[in-house]
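# Residue-level structural notes
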Amino acid sequence: MNAHDVMWYGVLLTMTVAYLMALWGARAAKHHNVPQHAQWMIAACTLVGVWLLGYVTKQVMFGRDQFLGTSEEYWQYYIPVLVIHTSLAVTTIGLGIANLYTGLTGLRFGTGVGAMVNGVGRHRMQGKVLVGTFSGTIVTAYVVYVMLFRWVPSQ
Ligand code: HEM
């Protein structure tokens, strides 16, 4: 297996593990276990940071991967999926930074006094949206991978 493939598998695997951690963290919050929720979300955010570093390194070392389909397939399928994937990924990172910030600065001590003032309602809503956008990011990441490396161009 060459370095390029190792980087790709590393990028996909890190992102998938971070996603499973975020799901586990959201489950802990649903059960009102805030210390565990915070731990899983901090771990998930750290792994997304590592992923971002790995992804940028891959792009710098190997450049963008080329889509092997026809030009028509490129504009009709590949680009729309890539735009959806990138938009979901950027939204997920934005919501993650916002929730990490509100969590660490205002919700450390759970839903007691001041939590409403510190935006626990908004935090929950943003967190639930993030779980949705993160799910979409993961699914489209695998679709992009299959399009780049398993797509059979039509004759
Ligand atoms: C990227 C980071 C984070 C995300 C995506 C996130 C997401 C969520 C979600 C989805 C919920 C609602 C769960 C539900 O009711 O179904 C929630 C609740 C909560 N989160 Fe976070 N969270 C993050 C970081 C944190 C951190 C760092 C803290 C505190 C140190 C925190 C404290 C809380 C608290 C206190 C609640 C309310 C729990 C309850 O209802 O008892 N969150 N969060």
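The text that follows walks through the structure, step by step, so that each part is easy to find. (Residues numbered from 1 in each chain as written. Predicted model: local features only at pLDDT ≥ 70, side-chain atom pairs only at ≥ 80, totals over all residues. Heavy atoms only, no water.)

Turning our attention to helix α1 (residues 3-30). A rise of 1.5 Å per residue sets the reference length of α1, with its 28 residues, at 40 Å; its end C-alpha atoms lie 41 Å apart and thus fit the reference within 8%. Phi turns positive, to about 60°, at H32, one or two residues after α1. (Helix = DSSP H or I, 4+ residues; strand = E, 2+ residues; numbered from the N terminus. Expected span 1.5 Å × (residues − 1).)

The next thing to look at is the coordination of the iron atom of the ligand. For the iron atom of the ligand, the full set of protein donor atoms is H37 (NE2) and H123 (NE2), at a range of 1.9 to 2.0 Å. Each of the six donor atoms around the iron atom of the ligand contributes to a set of angles spanning 87 to 179°, which defines the coordination as octahedral. Of this pair, H37 sits in helix α2 (residues 34-62) while H123 sits in helix α4 (residues 120-149), and the two are 86 residues apart along the sequence. For the residue pair H37 and H123, the accessibility class agrees, reading buried in each case. (Donors = N, O, S within 2.8 Å, 3.2 Å for Na, K, Ca; no water. Tetrahedral: all angles 85-135°; square planar, octahedral: opposite > 155°, others 65-115°. Buried < 20%, exposed > 50% of the residue type's maximum accessible area, 1.4 Å probe, protein only.)

Turning our eyes to something else, we now look at the site of the ligand. Surrounding the ligand, one finds 23 residues, the nearest of these being H32, H37, G103, H123 and R124. Between the ligand and H37 there is a distance of 2.7 Å, counted from a nitrogen atom to a side-chain nitrogen or oxygen. The separation between a nitrogen atom of the ligand and a polar side-chain atom of H123 is 2.7 Å. Going through the elements one at a time, α1, α2, α3 (71-106) and α4 are the ones with two or more residues in the shell around the ligand. For the shell around the ligand, the element with the most residues is α4, which contributes six residues. By residue class, the composition of the shell around the ligand is ten nonpolar, nine polar and four charged. (Near = heavy atom within 4 Å. Polar contact = N/O pair within 3.5 Å; in protein donor to acceptor, adjacent residues only side chain to side chain. Nonpolar A, V, L, I, M, F, W, Y, C, P; charged D, E, K, R; others polar.)

Let's shift gears to the nonpolar core. M15, A18, A22, V48, W51, F134 and I138 are the most contacted members of the largest nonpolar core, which totals 15 residues. Top contributing element to this core by residue count: α1, with six residues. Once you skip the residues sitting within four places of it in the chain, A18 turns out to touch A44, L47, V48 and F134. In this structure, F67, I79, V144 and L148 belong to the second largest nonpolar core, which totals twelve residues. (Core = buried A, V, L, I, M, F, W, Y, C linked by side-chain atoms within 4.5 Å. Contact = heavy atoms within 4.5 Å.)

There is a patch of nonpolar side chains on the surface, built from L52, Y55, V56 and V60 and spanning about 350 Å² of accessible area. Within the fold, Y55 resides in helix α2. (Patch = residues over 30% accessible without salt bridge, like charges linked within 9 Å, V, L, I, M, F, W, Y side chains within 5 Å. Areas by Shrake-Rupley, 256 points an atom, 1.4 Å probe, with all protein chains shown as cover. Salt bridge = Lys/Arg side-chain N within 4 Å of Asp/Glu carboxyl O.)

Another point: the side chain of H85. Considering the arrangement of structural elements, one finds H85 in helix α3. In terms of polar contacts, H85 uses its side chain to reach the backbone carbonyl oxygen of T137, at 3.2 Å. Excluding its chain neighbours within four sequence positions, the residues that come into contact with H85 are T137, T140, A141 and V144.

The next thing to look at is the packing of aromatic side chains. Applying the stated criterion to the full structure yields ten aromatic pairs. Measuring from centroid to centroid gives 5.3 Å for W51 and Y55, while their planes differ by 20°, and the two rings are stacked. Residue W51 and its partner Y55 are both found in helix α2; the two are separated by four residues, about one turn of the helix. Ring-pair connections join several aromatic residues into one group, and the members of that group are W8, Y9, Y145 and F149. The ring of W24 carries the charged tip of R27 above its face, separated from the ring centre by 4.7 Å. (Phe/Tyr/Trp six-rings, centres within 6.5 Å; stacked < 30°, edge-to-face > 60°. Lys NZ or Arg CZ within 6 Å of the ring centre and 35° of its normal.)

Structurally, Y19 is set in helix α1. The buried category is assigned to Y19, whose relative accessible area is 15%. Taking the C-alpha atoms as reference, Y19 lies 14 Å from L52; in sequence the two are 33 residues apart. Once residues within four sequence positions are removed from consideration, Y19 is found in contact with V131, F134, S135 and I138.

By themselves, these figures tell us nothing about what the structure is for.
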